[in-house]
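The residues making up each chain are set out below.
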Amino acid sequence: MKKLGIFVGENENWTFFKEIFEDFASRYQVNRFQRKTVRTPVLSRRINDRMYREGIHSVLKNSDVCFFEWASELLAAASHMPKTAPIVTRLHSFELADWAPRIHWDHVDKVIFVSEAIRRRFIDQYPAHAGKAVLVYNAISTEKFFPVPRQFDFSLGMLCTIAPIKRVYEAILVISELRDLGYSPTLHIAGGPANGNVQNRYYLAVHRLVEKLDLQQAVKFYGHVDKPAFWLQNIDIYLSNSYWEGMQTSLLEAMATGCYCLAHFWDGVEEALPPDNIYTSDTDLKQKLIFYSQLTEDERTKRKNQLVEIVCQKFNLANTKAMLREVIDSVS
């Protein structure tokens, strides 16, 4: 059985990777990097840095292939070590700006991208490594996320970190403007503040905005939700208001559960949604929301079913698992 080294940082998100890891563990002999630290009165930082590098090197040299779920800190360190095994990484989104310049790409054999838009950006920046760039879409389990009938009641949902990149503040202003026009939308926001810090300014500003606009009955905060599939079943319209994404997992989950989905025109969203579901301005968003609210139930169902079909055909987790294994096997 092939030895597969797995690298996921202790502070890196496992949400997108848990089921993929389980699939890898059933087909390879996995050797997962786990950082070890010691606490000593003196020299602890120097000792821990040495243990960190030795731990990475140990997994590298004792694996047939190494897979880095994020093209970030661990890959930056590993790529500058002597090459002992082929390296495959997934690059989701933020890594392109934050970590890619620190990575020795000559030591990386394949780079998997979750959207064509991010793959294209990488090739623009690193044309010499275009041959390593592989598209394997982010995906979700259609067994866990499946369509559930619901009655339209103009409930909008956002499932995201409450951070500037997600533009939650602007979404709340749209809700206020629609209510001023005589409509009765509600906005349901699941997710906590960036880095879990409830004192960050954006998080506080978003909550204060709701108070100042007297929208406490129209905008609801849920914090972290453990069962997103169940939470999404109570949402009519999912809103992806970000200005940057890789391939937003929560958007795919919402599509799969039968939400009607609208998204700001972040680069790559056109790979998931039809043109009619993408907006550029807040005015455009308001018009699309009003238009959808005035459709017949049959027409709304037709449009939601179209999104379910897109997920099943293009973003199915079973297909993504198989494609990831193909990439890993191709470098060994």
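The paragraphs below set out a description of the structure included in this document. (Residues numbered from 1 in each chain as written. Predicted model: local features only at pLDDT ≥ 70, side-chain atom pairs only at ≥ 80, totals over all residues. Heavy atoms only, no water.)

## Some points on the pattern of salt bridges
In total, this model carries 15 salt bridges according to the counting rule given. The residue Glu-211 makes a salt bridge to Arg-208 at a minimum N-O spacing of 3.0 Å. Residue Glu-211 and its partner Arg-208 are both found in helix H7 (residues 201–212); the two are separated by 3 residues, about one turn of the helix. On the basis of relative accessible area, Glu-211 is assigned to the partly exposed category, the value being 42%. Of the residues examined, Arg-208 reaches a relative accessible area of 46% and is grouped as partly exposed. (Salt bridge = Lys/Arg side-chain N within 4 Å of Asp/Glu carboxyl O. Helix = DSSP H or I, 4+ residues; strand = E, 2+ residues; numbered from the N terminus. Buried < 20%, exposed > 50% of the residue type's maximum accessible area, 1.4 Å probe, protein only.)

## Here's the deal with the sheet that holds strand S5 (residues 110–113)
Across a sheet, paired strands are connected by hydrogen bonds in the backbone, their directions being either parallel or antiparallel. If you trace the 6 strands from one edge of the open sheet to the other, you get S2-S1-S3-S4-S5-S6, paired in parallel fashion. Each edge of the sheet is formed by a strand with only one pairing partner; in this case those strands are strand S2 (29–32) and strand S6 (133–135). Averaged over all pairs of adjacent strands, the angle between strand axes in this sheet comes to 25 degrees, irrespective of strand direction. (Pairing = 2+ DSSP bridges. Axes fitted to C-alpha atoms, helices over the stretch in contact; angles between N-to-C directions.)

## Concerning the side chain of Thr-257
By the secondary structure assignment, Thr-257 is in the loop between helix H9 (249–256) and strand S11 (260–264). Setting aside residues up to four positions removed in sequence, Thr-257 forms contacts with Phe-145, Phe-146, Pro-147, Val-148, Arg-150, Ala-229 and Leu-232. (Contact = heavy atoms within 4.5 Å.)

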